[in-house]
Amino acid sequence: MDLALLALFAALVTAICQSLTDLGTKAATREADDRAILAAQWGVGALLLTASCLIAHPGLLSAPGATLAEVTRPNFWTLLAWSGALNVVAYALYIRAFRLSDASLVAPLVLLTPVLMLVTSPVMTGEQAPPLGMFGVLFTVLGVGLLDANQANGKRFNFAIFARDAGARSMIATAVIWSVTANIDKLGVQASTPLIWITAVTIVIALCAFAYWAAGRRPAPRLRTLRYALGAGSAMAFGNTVQMWALTVLFTPYVIAIKRLSALFTVLASGRVLKEETGGRLLGAAVMLAGAVMIALARG
């Protein structure tokens, strides 16, 4: 099979994994508290990625310090600290969003991240977006207004829900943080390797998540109540690993654009799997996806 075609398939697998993470997170909020979900997701992800990293870099077992020195640059640790701290907050808000609102409403809001990166990227990485990116912004904003259209309110466009819905506000805050951490991820990969970076970030987030859970002084949850969280964490870890490989073959904007299909997958599946009332949200997600693709291609 052609390597580029295989990488395109890998990017599609990444989108499916992200959608499974969304659906698993929503299902998990019906059985466990947010802190336990956060710790479970990132704990299992850290275990899986650590195993992958040790296979790819066996020197980490015999001489971890020397091996890390070979594959990282001095700014790696500063970037890792910032990414870990910000992502813990982002994923806590991400889980809260799914607890408070329908997955079909909040999942597409992550498509606001490319729009926000038009502001953060020039500052952090020096990347500028040409006019096509501006058209992408218009499509994304239009899609946001359509997410709650054709509902009981009878409106064609409705932005008010994002002011009054707590889950939507949490996901918008997540998108804001991700617009910063996405740039940190790019700098982090440049300061190490894709697998080393994603593994290190996952471990840091997992450690912070366990500390956050322990600070709540809650009794240990039963394993059965965390089954969806563990499944979501496994899908997230596998998807992140596959994405890192796809990035080594394809241009980053192409991989990210395909990954954004997860918003459509989540909206489609939430009606059948989670029994949510999706209404006209598929149209809104599709328009937002078109805007995100425009921005991704413009950044390429």
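**Quick notes on the overall build of the protein chain**
- Helix and strand content of the protein chain: 15 helices and 0 strands.
- Across the 300 residues of the protein chain, 51% fall into the buried class.
- Considering only intrachain contacts with a sequence separation of at least 6, the fraction spanning at least 24 residues in the protein chain is 84%.
- Accessible surface, the protein chain as shown: approximately 13,700 Å² in total, 68% of it carbon and sulfur.

**Here we look at a nonpolar patch on the surface**
- Judged by side-chain polarity, Leu3, Leu6, Phe9, Leu12, Ile16, Leu20 and Trp245 come together as a nonpolar surface patch covering roughly 620 Å² of accessible area.
- Sort the elements by how many residues they give to the nonpolar patch and helix H1 (residues 3–28) lands first, with 6 residues.
- With respect to the helices and strands, the residue Leu12 is situated in helix H1.
- Residue class for Leu12 comes out partly exposed when judged on its relative accessible area of 31%.

**Quick notes on the nonpolar core**
- By size, the foremost hydrophobic cluster in this structure holds 62 residues, and its most contacted members are Trp42, Phe76, Tyr91, Tyr94, Phe98, Met171 and Trp197.
- Among the elements that make up this core, the one with the highest residue count is helix H5 (residues 76–100) (10 residues).
- Those residues in contact with Trp197, other than ones at most four positions away along the chain, are Phe76, Leu79, Leu80, Ser83, Ile184, Asp185, Gly188, Val189 and Ser192.
- Counting residues in hydrophobic clusters, the runner-up holds 10 residues, among them Ala11, Cys17, Val242 and Ile258.

**Quick notes on the packing of aromatic side chains**
- Applying the stated criterion to the full structure yields 7 aromatic pairs.
- Cluster of aromatic residues (ring-pair linked, three or more members): Trp42, Tyr91, Tyr94, Phe98 and Trp178.

**Regarding helix H14 (residues 261–273)**
- End to end, H14 covers 18 Å across 13 residues, agreeing with the expected 18 Å (1.5 Å per residue, within 8%).
- Among all positions of H14, only Ser262, Ala263, Leu264, Thr266, Val267, Ala269 and Ser270 are buried.
- A positive backbone phi angle near 60 degrees is found at Lys275, which sits one or two residues after H14.

**Section: the environment of Asp33**
- Examined against the element boundaries, Asp33 turns out to sit in the loop between H1 and helix H2 (34–56).
- For Asp33, a relative accessible area of 27% translates into the label partly exposed.
- Taking the C-alpha atoms as reference points, Asp33 and Arg96, separated by 63 residues in sequence, lie 9.6 Å from one another.
- A distance of 3.1 Å separates a polar side-chain atom of Asp33 from the backbone nitrogen of Ala36.

**Regarding the pattern of salt bridges**
- Within this structure, the stated rule accounts for 2 salt bridges.
- Measuring nitrogen to oxygen at the nearest pair gives 2.4 Å for the salt bridge that ties Asp34 to Arg99. Of the two residues, Asp34 sits in helix H2 while Arg99 sits in helix H5, which places them 65 residues apart along the sequence.

**What to know about the side chain of Thr67**
- Among the structural elements, Thr67 can be located in helix H4 (residues 64–71).
- The exposure class assigned to Thr67 is buried, which follows from its relative accessible area of 12%.
- If we ignore the near neighbours within four places in the chain, the residues touching Thr67 are Gly59 and Leu60.

**Description of the confidence of the model for the protein chain**
- Across the protein chain, pLDDT averages 83, with 84% of residues at or above 70.
- Mean pLDDT per element in the protein chain: helix H8 (residues 131–146) is the minimum at 68, and H5 is the maximum at 95.

**Structural notes on the environment of Leu207**
- If you trace the backbone, Leu207 turns up in helix H11 (residues 194–215).
- For Leu207, a relative accessible area of 58% translates into the label exposed.
- C-alpha separation for the pair Leu207 and Ala46, spaced 161 residues apart in sequence, amounts to 9.2 Å.

**Points about the environment of Val255**
- Mapped onto the secondary structure, Val255 falls in helix H13 (residues 252–259).
- On the basis of relative accessible area, Val255 is assigned to the buried category, the value being 1%.
- Distance in space between the C-alpha atoms of Val255 and Ala15 is 9.4 Å, their sequence separation being 240 residues.
- Contacts of Val255, omitting those with residues within four sequence positions, involve Ala11, Gln243, Ala246, Leu247 and Leu250.

About the cut-offs
- Residues numbered from 1 in each chain as written.
- Predicted model: local features only at pLDDT ≥ 70, side-chain atom pairs only at ≥ 80, totals over all residues.
- Heavy atoms only, no water.
- Helix = DSSP H or I, 4+ residues; strand = E, 2+ residues; numbered from the N terminus.
- Buried < 20%, exposed > 50% of the residue type's maximum accessible area, 1.4 Å probe, protein only.
- Contact = heavy atoms within 4.5 Å.
- Areas by Shrake-Rupley, 256 points an atom, 1.4 Å probe, with all protein chains shown as cover.
- Patch = residues over 30% accessible without salt bridge, like charges linked within 9 Å, V, L, I, M, F, W, Y side chains within 5 Å.
- Salt bridge = Lys/Arg side-chain N within 4 Å of Asp/Glu carboxyl O.
- Core = buried A, V, L, I, M, F, W, Y, C linked by side-chain atoms within 4.5 Å.
- Phe/Tyr/Trp six-rings, centres within 6.5 Å; stacked < 30°, edge-to-face > 60°.
- Expected span 1.5 Å × (residues − 1).
- Polar contact = N/O pair within 3.5 Å; in protein donor to acceptor, adjacent residues only side chain to side chain.
- pLDDT = per-residue confidence, 0-100.

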